[in-house]
Amino acid sequence: ALRADGTFTTAAARVIETTGSGGAIDVTAGNTLTLGTADRLRGSAPLTKTGPGTLAITAAQTNFTGDATLSGGTTRLANHQALGSSASATHTVGA
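Parameters and conventions
Residues numbered from 1 in each chain as written. Predicted model: local features only at pLDDT ≥ 70, side-chain atom pairs only at ≥ 80, totals over all residues. Heavy atoms only, no water. Helix = DSSP H or I, 4+ residues; strand = E, 2+ residues; numbered from the N terminus. Rg over C-alpha atoms; globule rule 2.2 N^0.38 Å. Buried < 20%, exposed > 50% of the residue type's maximum accessible area, 1.4 Å probe, protein only. Lys, Arg positive; Asp, Glu negative; His and termini not counted. Charge placed at Lys NZ, Arg CZ, Asp CG, Glu CD. Pairing = 2+ DSSP bridges. Core = buried A, V, L, I, M, F, W, Y, C linked by side-chain atoms within 4.5 Å. Contact = heavy atoms within 4.5 Å. Axes fitted to C-alpha atoms, helices over the stretch in contact; angles between N-to-C directions.

## Structural notes on the overall build of the chain
Item 1. Check the secondary structure of the chain and you find 0 helices and 11 strands.
Item 2. Listed by position from the N terminus, the elements making up the chain come as β-β-β-β-β-β-β-β-β-β-β.
Item 3. For a compact globule of 95 residues, the expected C-alpha radius of gyration is about 12 Å, and the chain comes in at 12 Å, within 12% of that figure.
Item 4. Relative to its full complement of 95 residues, the chain shows a buried share of 40%.
Item 5. On the chain, the mean spot of the 6 positive side-chain charges and the mean spot of the 5 negative ones are 6 Å from each other.

Here it is, written out as structure tokens:
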């Protein structure tokens, strides 16, 4: 799992890839993690967003094809391909 304990934007060269049984992005309270460069989220394994903080995806992530589960905090999708060609996205209310 990737844990964001502060507010920041990932570097343009940073790639986050889901493999195997999947991965998680955990953003802690009061913080925002921004993926602002296109195609930095990759993989076909599932991705789960956890934690009370905010995950902001502002660019197309066309190399991500896994399912996405948004189970905590806030997720801001500022591009119609922010979750790539994900087979499904599930938002769990009250998590």
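## A short note on the sheet that holds strand 2 (residues 8–9)
Item 1. The sheet built from 4 strands is open, its strands ordered 2-5-8-10 with parallel pairing. Across the chains shown, the open sheet's two edge strands, defined by having one partner strand only, are strand 2 and strand 10 (74–77).
Item 2. Pairing of strand 8 (residues 54–57) with strand 10 involves 4 bridges; the strand directions are parallel. Within strand 10, the position partnered with Ile 57 by the bridge is Leu 77.

## What about unusual backbone geometry?
Item 1. In this structure, Asp 39 is a non-glycine residue whose phi angle is positive, near 60°.
Item 2. Mapped onto the elements, Asp 39 comes out in the loop between strand 5 (32–35) and strand 6 (41–43).

## Digging into the nonpolar core
Item 1. Ile 25, Leu 33, Leu 55 and Ile 57 are the most contacted members of the largest nonpolar core, which has 14 residues in total.
Item 2. Listing elements by their share of this core, those giving two or more residues are strand 4 (23–27), strand 5 and strand 8.
Item 3. Setting aside anything within four residues of it in sequence, one finds Ile 57 in contact with Leu 35, Arg 76, Leu 77, Ala 78, Asn 79, Ala 82 and Leu 83.

## What to know about the pairing of strand 7 (residues 47–50)
Item 1. Judged by which residues are buried, strand 7 turns out to be one-sided: Leu 47 and Lys 49 face inward and are buried, whereas Thr 48 and Thr 50, on the alternate face, are not.
Item 2. Across 4 bridges, the pairing between strand 4 and strand 7 is parallel. By the bridge assignment for strand 7, Ile 25 is matched with Lys 49.

## Looking at the sheet that holds strand 7
Item 1. Strands sit in the order 1-4-7-9-11 across an open sheet of 5 strands; the sheet is parallel. Of all strands in the sheet, those with a lone pairing partner are strand 1 (2–4) and strand 11 (89–91), marking the two edges. Strand-to-strand twist in this sheet, taken as the mean axis angle between neighbours without regard to direction, amounts to 15°.
Item 2. Pairing of strand 9 (residues 68–70) with strand 11 involves 3 bridges; the strand directions are parallel. When the sheet's bridge partners are listed, Thr 69 is paired in strand 11 with Thr 90.

From the geometry alone we can't say anything about function, so treat these as descriptive.
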